[in-house]
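# Observations on the three-dimensional arrangement
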Amino acid sequence: MPLLDTVVSMHELAITQNIVEICESHAAGRQVRLVRVEIGDLSGVVPDAVEFCFEACSRDTLLQGARLVIERIPARARCRTCAAQVAIRSYHDACAACGGYQLEILSGEELQVKQLEVH
Ligand SMILES: [Zn+2]
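Nothing here was measured: the structure is a model prediction, and the numbers come from that model. (Residues numbered from 1 in each chain as written. Predicted model: local features only at pLDDT ≥ 70, side-chain atom pairs only at ≥ 80, totals over all residues. Heavy atoms only, no water.)

### A look at the coordination of the zinc ion
Any two of four tetrahedral donors ideally make an angle of 109.5 degrees at the metal, while pairs among six octahedral donors ideally make 90 or 180 degrees. The cut-off we apply is this: Metal donors were taken as nitrogen, oxygen and sulfur atoms no farther than 2.8 Å from the ion, or 3.2 Å where the ion is Na, K or Ca. Water is excluded, so coordination may look unfinished. Between 85 and 135 degrees for all angles marks four donors as tetrahedral; over 155 degrees for opposite donors together with 65 to 115 for all other angles marks four donors as square planar and six as octahedral; every other arrangement is irregular. Exposure categories follow from relative accessible area, calculated using a 1.4 Å probe and restricted to protein chains: below 20% of the type maximum is buried, above 50% is exposed, and the middle band is partly exposed.
Around the zinc ion, the protein contributes the donor atoms Cys79 (SG), Cys82 (SG), Cys95 (SG) and Cys98 (SG), which lie 2.3 to 2.4 Å from the metal centre. Around the zinc ion, the four donor atoms are arranged such that angles at the metal cover 104 to 113°; this shape is classified as tetrahedral. Mapped onto the polypeptide sequence, the residues donating to the zinc ion form the spacing pattern C-x2-C-x12-C-x2-C. Look at cysteine 82 and you get partly exposed, because its relative accessible area is 36%.

### Remarks on the sheet that holds strand 3 (residues 76-79)
Going by this rule: Two strands make a pair as long as DSSP finds a minimum of two bridges between them. Secondary structure elements are taken from DSSP: a helix is a run of H or I of four residues or more, a strand is a run of E of two residues or more, and numbering for both begins at the N terminus. An axis is simply a line fitted to the C-alpha atoms; with a helix, the fit covers only the stretch in contact. Between two such axes, the angle follows the N-to-C directions and lies from 0 to 180 degrees.
Strand order across the open sheet formed by three strands is 4-3-5, with antiparallel pairing between neighbours. On the outer flanks of this sheet lie strand 4 (85-87) and strand 5 (103-107), each paired with one strand and no other. For this sheet the average axis-to-axis angle between neighbouring strands, irrespective of direction, equals 35°. In this sheet, strand 4 lies alongside strand 3 in antiparallel orientation, the contact comprising three bridges.

If you want it as structure tokens, here you go:
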């Protein structure tokens, strides 16, 4: 039975299906051995849930049995007030240097298939 909250797993289920579809179209009929996916900490996607969904989503596809490698991308931002580059945890965080809220996101919004290895 599902280990995860239903709402979360529905979200990640759709995303994982999307990942599998993208990989299948790139694989062009070849069996996929490894998939590397980047997931940013601000993307709203829970890596563990994607991992959880992957086996079911990849069944009977070119990705069946493929290894899923998830790379988490930490969230970083540049402060428009003091120009500092800071690590953040959410969109609501303030600049750690000056307390300003005018932050420009530099990384952490990624959600993409980075690499495919095929047979
Ligand atoms: Zn600042």
